[in-house]
Amino acid sequence: MKNTATLELRGISKTYGNGRQVLSDLSYTLAAGEYVAIMGDSGVGKSTLLNLIAGLDAPDTGEIWVDGIALSANDDDAATRLRRRHFGFIFQAFHVLPHLTLLQNVSLPLLLNHLPLDRAETMLTAVGLKGREQDFPRQLSGGELQRVAIARALVHRPRLILADEPTGNLDPDTAQEILQLMRAEIKANGAAGIIVTHSQAAAATADRILLLTKAGLQPLEGGSNA
Ligand SMILES: Nc1ncnc2c1ncn2[C@@H]1O[C@H](COP(=O)(O)OP(=O)(O)OP(=O)(O)O)[C@@H](O)[C@H]1O
């Protein structure tokens, strides 16, 4: 493993077409094995930041480096390969595919990355869906679907896990179990993770809590520091 930061943000700025500047000259470095929560007022730009890191949108200025590779230096194919192999997304927008069984859905990142498929079943069990492998997404509740999305995001042991309100539609006990699973996966794989959340309980499962304001990302007390 290269001895570089897993994620490095250098002077990121983003203004939307309507002239609204959301992020201004934001810099931050996330090391391998680090798990941070980002909190902040509604509209401050948390999802915008996560979308930029995910490569779903491009910053106006600045660079985003993942494992020593600049995202902007990648052509589209290379960026897609990097994301597919190294990223795990837990976003509301990343729907579970309706025509695939749960097992097929969770197997997808393994298939695309030519990895052994057996971990798909393990991950479904880890999120409490053992015995539901052959079910289709339409047979699941919203919370169960979210757990499938989480299993799919973690199954290929990504280097960088990005989660936007991952437990928003889970009951508190299940949310805690899933958050601890996310944390355990990040730590076991020497990955890095960012969770964006309004929930203090969810944020407290990260190593550190960062507050996003107009001034940038500032540390806040309250992470688990474990
Ligand atoms: N595609 C877009 N076009 C124009 N403005 C946008 C776009 N996406 C987001 N915004 C604006 O940018 C600002 C930041 O939005 P963002 O979703 O990043 O905030 P957030 O901190 O994640 O908020 P919340 O906690 O409410 O989810 C908001 O004022 C929003 O209206």
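Here is what the cut-offs are and how they apply
- Residues numbered from 1 in each chain as written.
- Predicted model: local features only at pLDDT ≥ 70, side-chain atom pairs only at ≥ 80, totals over all residues.
- Near = placed C-beta within 6 Å.
- Helix = DSSP H or I, 4+ residues; strand = E, 2+ residues; numbered from the N terminus.
- Nonpolar A, V, L, I, M, F, W, Y, C, P; charged D, E, K, R; others polar.
- Pairing = 2+ DSSP bridges.
- Axes fitted to C-alpha atoms, helices over the stretch in contact; angles between N-to-C directions.
- Buried ≥ 20, exposed ≤ 12 C-beta atoms within 10 Å, placed from the backbone.

An unreviewed UniProt entry annotates the chain as Lipoprotein-releasing system ATP-binding protein LolD originating from Nitrosomonas nitrosa.

## A look at the site of the ligand
What surrounds the ligand is the set Y16, N18, R20, V22, G40, S42, G43, V44, G45, K46, S47 and T48. The leading source of residues in the shell around the ligand is helix α1 (residues 46–54), at three residues. Across the shell around the ligand, the residue classes break down as three nonpolar, seven polar and two charged.

## A word on the sheet that holds strand β4 (residues 61–66)
On the basis of which strands lie adjacent, the open sheet formed by four strands has the order β2-β1-β4-β5 and antiparallel pairing. The open sheet has two edge strands, β2 (21–30) and β5 (69–70), and neither has a second partner. Sheet topology note: the strand β1 (residues 7–15)/β4 ladder contains five bridges and is antiparallel. Among the inter-strand pairings, R10 is bridged to a residue of β4, identified as E63.

## A few points about the sheet that holds strand β8 (residues 192–196)
Taken together, six strands build an open sheet; the order of strands is β6-β7-β8-β3-β9-β10 and the sheet is mixed. Bordering the open sheet on either side are β6 (87–90) and β10 (216–220), each of which pairs with just one other strand. Averaged over all neighbouring strand pairs, the angle between strand axes comes to 20°, with direction disregarded. Examined bridge by bridge, strand β3 (residues 35–39) and strand β9 (residues 208–213) share four bridges and lie parallel to one another. Residue pairing for β9: V36 is matched across the bridge by R208.

## A word on unusual backbone geometry
Of note, D67 is a non-glycine position whose phi angle comes to about 50°, a positive value. Residue classification places D67 among the partly exposed positions, given that 17 C-beta atoms sit within 10 Å. Located in the positive-phi region is R157, a residue other than glycine, with phi close to 50°. Inspection of the secondary structure puts R157 in the loop between α5 (142–154) and β7 (160–164). Under the C-beta neighbour-count criterion, R157 is labelled buried, with 20 such atoms within 10 Å.

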